[in-house]
Each structure stands twice: as C-alpha cells, then as structure tokens.
Amino acid sequence: MTKKPEMDQRRSLRLKGYDYAQPGAYFITICTHQHQCLFGEIIGAGSSPAQMRLNELGEIVREKWFRTAALRANVQLFNAEFVVMPNHVHGIIWITDTDNVGAYCNTPPRDAELFQSPSKTIGAIIRGFKSAVTKRINIHRGTPYRPVWQRNYYERIIRDEKEYDQIAAYIISNPDNWEMDQENPGKL
C-alpha cells in the first residue's frame, strides 16, 4: 500500500511522553478549514474595545464549547477564557479529574451530534467538540460532509500562574488585535 505524500509530512505537535489526560490547564487554538471567516465579524477593529459579533455559526461554536463541560465531568470551562474569532477559536480547557468513572455525565445526552469517546485526553475533547460543531453547522447550512475545521489544532500546556495570566489576557484582547492577527485574511 502506498502512503499519500501529505501523510508523510505530517508530524505530531504534541509533547512527546506527556499524558494529555492529566489534570491541568491547556490553551487551545482551533482554526477553520482554509481559514474561512465563518463565525461572524469584528466590530470596532483597531479600536479598544473591539467586539466579536457572532453570527448563527459562531453561536453554534460557543454553545458547543460550553456544552463540552456539561458532557464531560473532568472538564471545566470559563467565559473569560474563551473567544470565538471570525476564523478560529481560543480557549483554556481545565482537566480537573481523571478518576471519574467514564468521561460523561450519568444521563446520556440527547445530543445526536456528540462524538462519544471514553478517552479523557485533550485530543478526545477537541475531537468531540469539532465533530459536534461540524455536524450542527453542516445541518444548519445544508452542506453535508463539508469541512469546518482544519485537520489539527494547537495546544499549549499552561505551566504556571504567570503563563496563565499572559494567555488569559491574550484571549480577552484577541478581538482588539484582529487588525494584526496572523489569522486575519485582511491583515494590514
């Protein structure tokens, strides 16, 4: 069997030997497929405070992000640590406990879009989130099987309080900095 050339070039972005299910804080960035601006627009770009105005697709992303914590007993999420941008999201995921029996609440969710994995790793959490968002957005748009997200995501293990403070400030100020954001296709 021949490997596809793009598969040969793919490397893991994960820290070798690290257990991504262990308790801690993880800074996550997920970009849209081909960096399409799908989720809304920045109002007042270049001035402070700029605001992200979510469209219906952006609202789906926000709802599914916070639904993650309701479905996974080992995850905590906070409003001040999350932002939906026109073509990406930034957030902090707190894995609080890995000793729970099963990653999901006792009551099975009625959410047909949920990707159910017993794994409690950051990878499984992000896969579930991306899958649920993609399914819901494609139903909303009537575009089955169209990709919403790029193939991977970026994560950083937050190692101390100083790093947490810097990342939280970055997330909060992201709309203010959209004009210069490397993810902004109209960057000056």
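Above this text is the structure in question.
Residues numbered from 1 in each chain as written. Predicted model: local features only at pLDDT ≥ 70, side-chain atom pairs only at ≥ 80, totals over all residues. Heavy atoms only, no water.

Draft legend 1. A look at helix α3 (residues 122-141). Helix length check: α3, at 20 residues, gives a terminal C-alpha distance of 28 Å against a target of 28 Å (1.5 Å per residue), a fit within 8%. G142, located one to two residues past α3, shows a positive phi value of around 70°. (Helix = DSSP H or I, 4+ residues; strand = E, 2+ residues; numbered from the N terminus. Expected span 1.5 Å × (residues − 1).)

Draft legend 2. Looking closely at the packing of helix α2 (residues 56-71) against α3. Packing of α2 against α3 brings their axes to within 9 Å, and their N-to-C directions diverge by 150°. Crossing of α2 over α3 shows right-handed handedness. Seen from α2, the contacting residues are E56, L57, I60, V61, E63, K64, W65 and T68; seen from α3, they are I125, F129, A132, V133, R136, I137, H140 and R141. The residue makeup of the contact of α2 with α3, split by class, is nine nonpolar, two polar and five charged. (Axes fitted to C-alpha atoms, helices over the stretch in contact; angles between N-to-C directions. Left-handed = near helix turned anticlockwise from the far one by under 90°. Contact = heavy atoms within 4.5 Å. Nonpolar A, V, L, I, M, F, W, Y, C, P; charged D, E, K, R; others polar.)

Draft legend 3. View of the layout of surface pockets. Of the volumes computed, that of the largest pocket is approximately 280 Å³. As for the largest pocket, its lining consists of 13 residues, and the residues nearest its centre are S131, T134, K135, N138 and R146. Split by residue class, the lining of the largest pocket holds six nonpolar, four polar and three charged. (1 Å grid on protein atoms, 1.4 Å probe; cavity = no way out; pocket = protein on both sides within 12 Å on 5 of 7 lines; lining within 4 Å. Points joined across faces, edges and corners; volume = space filled by probe spheres on them.)

Draft legend 4. Spatial organisation of the nonpolar core. Ranked by internal contacts, the top residues of the largest apolar core, which has 39 residues, are I28, F39, V61, I93, I122 and W149. Counting residues per element, this core draws most heavily on α3, at six residues. (Core = buried A, V, L, I, M, F, W, Y, C linked by side-chain atoms within 4.5 Å. Buried < 20%, exposed > 50% of the residue type's maximum accessible area, 1.4 Å probe, protein only.)

Draft legend 5. A look at the pattern of salt bridges. Following the criterion strictly, the structure yields four salt bridges and no others. One salt bridge in this structure joins E63 and R136, with 2.7 Å as the shortest N-O distance. One end of the pair, E63, is in helix α2; the other, R136, is in helix α3, and 73 residues separate them in sequence. The partly exposed category is assigned to E63, whose relative accessible area is 34%. Here E163 ties to R156 by a salt bridge, and the two come within 2.4 Å at their closest N and O atoms. Through salt bridges with shared partners, a single ionic network connects E63, K64 and R136. (Salt bridge = Lys/Arg side-chain N within 4 Å of Asp/Glu carboxyl O.)

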